[in-house]
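These are the residues of each chain, in order.
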Amino acid sequence: MYIDPNLVVDKESFKLIEVNAICAICKGVIISPVQCMNCKKLFCEKCISTWKKTKKNNQCPFKCKNPTFKPPRMFKNLLEKVKFKCEKGCDQEIPYGDLEQHYNETCPKLVIDFKAKYFEYKKKYQILEEKFKNYKRDIEKKIIEEKQKYEKLNQEFINLKNGKLFEESPLRIFKVGPPTGRYCLL
Ligand SMILES: [Zn+2]
Ligand SMILES: [Zn+2]
Ligand SMILES: [Zn+2]
């Protein structure tokens, strides 16, 4: 998230704290502040961690050598009363502490995004539903095939039990001698 200082509602009051409230790296209103224990300047926690990774010279942005950074004590009071206009253009004035929640949850302009999300999910659901129908069709087809196989086997078994199979079999069957009653398949 980046907080544009131009969105501050009361610009006159903000000027008094601006020097401590603006991050020297991103030029936005500071988010999750850390303070250089040497020059006492404040920065966003994220900006400093990126700064450390990219610069690697072990200096703070104001050239303090071997700086240590700690969260400042008084920062919350500094910005607590500052209100911002919504960057999405709703007509609410949002206190600094509520900005994240506003943009992620409560901004009325979010409704449009929810609608888009709804249609996105609906589309995904329809694709899944279509797939499911195809699977169902395949499985039903398979069940019918298996059932037919089973019925055929079952009928053969019954025929075998009743001694009919030999009579209906396409194979030529001969009785080998009436006295024994044995059969011979050729
Ligand atoms: Zn920053
Ligand atoms: Zn410093
Ligand atoms: Zn809004």
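Residues numbered from 1 in each chain as written. Chains lettered and ligands numbered in written order. Predicted model: local features only at pLDDT ≥ 70, side-chain atom pairs only at ≥ 80, totals over all residues.

Draft legend 1. The arrangement of the overall build of the protein chain in detail. Helix and strand counts for the protein chain stand at six helices and seven strands. For the protein chain, the succession of helices and strands along the chain, N to C, is α-β-β-α-β-α-β-β-α-α-α-β-β. In the protein chain, which comprises 186 residues, the share counted as buried stands at 13%. (Helix = DSSP H or I, 4+ residues; strand = E, 2+ residues; numbered from the N terminus. Buried ≥ 20, exposed ≤ 12 C-beta atoms within 10 Å, placed from the backbone.)

Draft legend 2. Here's a closer look at the sheet that holds strand β2 (residues 42–44). The strand order across the open sheet formed by three strands is β2-β1-β3, and the pairing between neighbours is antiparallel. Looking at the sheet topology across the chains shown, the edges are occupied by β2 and β3 (69–70). Across the sheet, helix α2 (residues 45–55) is in contact with β1 (33–36), β2 and β3; its angle to β2 comes to roughly 85 degrees. (Pairing = 2+ DSSP bridges. Contact = placed C-beta atoms within 7 Å. Axes fitted to C-alpha atoms, helices over the stretch in contact; angles between N-to-C directions.)

Draft legend 3. Looking closely at the confidence of the model for the protein chain. Across the protein chain, pLDDT averages 87, with 87% of residues at or above 70. At the low end of the mean pLDDT range in the protein chain sits strand β6 (residues 173–176), at 50; at the high end sits strand β4 (residues 83–85), at 97. (pLDDT = per-residue confidence, 0-100.)

Draft legend 4. Focus on the nonpolar core. Counting residues in each nonpolar core, the largest one holds 21 residues, and the members touching the most others are I30, F43, C44, I48 and F84. Contributing elements (two or more residues each) for this core: β1, β2 and α2. Residue contributions to this core peak at three residues, all from β2. (Core = buried A, V, L, I, M, F, W, Y, C linked by C-beta atoms within 7 Å.)

Draft legend 5. Just unusual backbone geometry, in detail. The phi dihedral of S32 falls on the positive side, at around 45 degrees, and the residue is not glycine. A tally of 13 C-beta atoms within 10 Å means that S32 is categorised as partly exposed. The backbone of N58 sits at a positive phi, close to 55 degrees, despite the residue not being glycine. With respect to the secondary-structure elements, N58 resides in the loop between α2 and β3. Residue class for N58 comes out exposed when judged on the 10 C-beta atoms lying within 10 Å of it.

Draft legend 6. Expanded view of the pairing of β1. Residue alternation in β1 divides its side chains into two sets, P33 and Q35 and V34 and C36, and both sets are buried. Pairing analysis gives three bridges linking β1 to β2, with the strands arranged antiparallel. Bridge pairing in β2 places P33 opposite C44. Looking at chain direction, β1 and β3 are connected through two bridges and run antiparallel. Residue C36 lies in a different strand from β3, and its bridge partner there is F69.

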